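Results of the structural survey
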Amino acid sequence: MNPAPTDDRFRRRNNVTVTGRADGPVLLLAHGFGCDQNMWRLVVPMLATDFRVVMFDYVGSGRSDPSAWSEQRYSSLEGYASDALEVCEELDLRDVIFVGHSVSAMVGVLAAARAPQRFSRLVMVAPSPRYIDEDGYRGGFSADDIDELLESLESNYLGWSAAMAPVIMGNADRPELGQELTTSFCATDPDMARVFARTTFLSDSRADLKTVAMPTLVLECEQDVIAPREVGAFVNDAIPGSRLVTLEATGHCPQLSAPQATAAAIADFIEVAR
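Residues numbered from 1 in each chain as written. Predicted model: local features only at pLDDT ≥ 70, side-chain atom pairs only at ≥ 80, totals over all residues. Heavy atoms only, no water.

This next bit is on the overall build of the chain. Secondary structure summary: the chain contains 11 helices and seven strands in total. The C-alpha radius of gyration computed for the chain amounts to 17 Å, which stays within 12% of the reference 19 Å derived for 274 residues, consistent with globular compactness. Oriented by its inertia axes, the alpha-carbon framework of the chain measures out at about 55 × 40 × 35 Å. The buried share of the chain, taken over its 274 residues, is 55%. Here the contacts in the chain between residues at least 6 apart in sequence split such that 76% fall between residues at least 24 apart. (Helix = DSSP H or I, 4+ residues; strand = E, 2+ residues; numbered from the N terminus. Rg over C-alpha atoms; globule rule 2.2 N^0.38 Å. Buried < 20%, exposed > 50% of the residue type's maximum accessible area, 1.4 Å probe, protein only. Contact = heavy atoms within 4.5 Å.)

Here's what the structure looks like:
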């Protein structure tokens with residue numbers, strides 16, 4: 001049966017792609033700031049044999065429909081959660097395992113709180129509920145650090161991307177990884193990126209972690225300048241019964257730098273949680 005026209009528009013809006021085992025458990029892969037679903041391409045082949053893998057681009061990222069973008073909607077993480085929920089609703093997905101990278105880990109928390117009947121598990125890849133340090137909490141950045149980061153991004157987005165992407169990626173001995181992230185950043189519309197960046201780096205989702213009531217995996221890297229180990233420990237402590245796994249990986253994007261370990265950790269967690 002051919003999809004309805006509205007379904008076509010929906011798929012184009014968020015560049016929705018579906019692959020893998022049609023009758024397998026559903027993995028919904030959500031990318032982070034400055035990225036798109038292409039960031040998952042190295043783990044997908046390893047997951048697709050056992051899972052139905054659904055990927056999408058947030059509006060304003062990747063190959064999404066830029067005409068659907070609204071600064072008001074995407075000035076809040078709730079706007080990104082709405083994108084994820086609309087993907088689930090349009091495809092009528094149930095028992096979804098939400099896999100969120102970076103800020104999308106918190107988007108998954110918000111989406112699950114709004115529609116708990118849609119989700120069964122949560123996988124948080126290099127999560128951070130708050131990037132700014134506070135008394136008793138280390139997010140990895142001072143308020144001045146974030147102000148400077150956002151000012152640099154807004155004044156010269158392409159220059160900021162070229163300078164910051166390799167730092168975020170880490171793995172200086174593998175410069176092709178930093179170049180890939182730079183390319184991804186530079187492909188994003190600067191005005192849309194500015195809004196997503198402010199939404200990301202000024203967010204504070206720590207209180208939302210208390211709403212998580214499903215099996216949760218917290219995946220962190222041994223070294224990550226964006227989400228240091230203290231953040232992983234905080235997230236794990238805040239979610240009752242969550243499982244913390246530290247990958248032998250460097251940088252903020254283990255799905256690119258350590259795809260086999262990332263895919264294996266996700267698959268092992270789902271098998272244990274069944």
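This part covers the packing of helix 6 (residues 157-169) against helix 7 (residues 175-186). Interaxial distance between helix 6 and helix 7 falls to 8 Å at its minimum, and their mutual angle equals 145°. The interaxial crossing formed by helix 6 with helix 7 has right-handed handedness. Together, Tyr-157, Leu-158, Trp-160, Ser-161, Ala-162, Ala-165, Pro-166, Ile-168 and Met-169 of helix 6 and Leu-177, Gly-178, Leu-181, Thr-182, Phe-185 and Cys-186 of helix 7 make up the contact between the two elements. (Axes fitted to C-alpha atoms, helices over the stretch in contact; angles between N-to-C directions. Left-handed = near helix turned anticlockwise from the far one by under 90°.)

Time to look at the sheet that holds strand 6 (residues 216-223). An order of 1-3-2-4-5-6-7 is seen for the seven strands of this open sheet, with the pairing classed as mixed. What marks the edges here is a single partner per strand, and that holds for strand 1 (17-20) and strand 7 (243-250). Adjacent strand axes in the sheet meet at a mean angle of 20° when their direction is disregarded. By the bridge criterion, six bridges tie strand 6 to strand 7 in an arrangement that is parallel. Residue pairing in the sheet places Gln-223 in a bridge with Thr-250 of strand 7. Against the sheet, helix 3 (residues 77-91) engages strand 1, strand 2 (26-30), strand 3 (52-55), strand 4 (96-101) and strand 5 (119-125), with an angle of about 150° to strand 2. (Pairing = 2+ DSSP bridges.)

What follows deals with the nonpolar core. Of all hydrophobic cores here, the largest spans 69 residues; its most connected members are Leu-28, Phe-33, Phe-119, Met-124 and Leu-181. If we skip the residues at most four places from it in the chain, Leu-28 touches Val-54, Phe-56, Ala-84, Val-87, Cys-88, Val-96, Ile-97, Phe-98 and Val-99. Counting residues in each nonpolar core, the second largest holds 25 residues, with Val-43, Val-53, Leu-247 and Phe-269 among its members. (Core = buried A, V, L, I, M, F, W, Y, C linked by side-chain atoms within 4.5 Å.)

We now examine unusual backbone geometry. One non-glycine residue, Ser-102, lies in positive phi territory at about 60°. If you trace the backbone, Ser-102 turns up in the loop between strand 4 and helix 4 (103-114). Residue Ser-102 is classed as buried on the basis of its relative accessible area of 7%.

Under the definition given, this model contains two cavities of 30 Å³ or more. Each pocket or cavity is described by its volume, and for the largest cavity that value is around 130 Å³. Along the walls of the largest cavity sit 14 residues, with Phe-33, Ser-102, Ile-168, Phe-185 and His-252 positioned nearest its centre. Every element with two or more residues in the lining of the largest cavity is listed here: helix 6, helix 7 and helix 8 (190-201). (1 Å grid on protein atoms, 1.4 Å probe; cavity = no way out; pocket = protein on both sides within 12 Å on 5 of 7 lines; lining within 4 Å. Points joined across faces, edges and corners; volume = space filled by probe spheres on them.)

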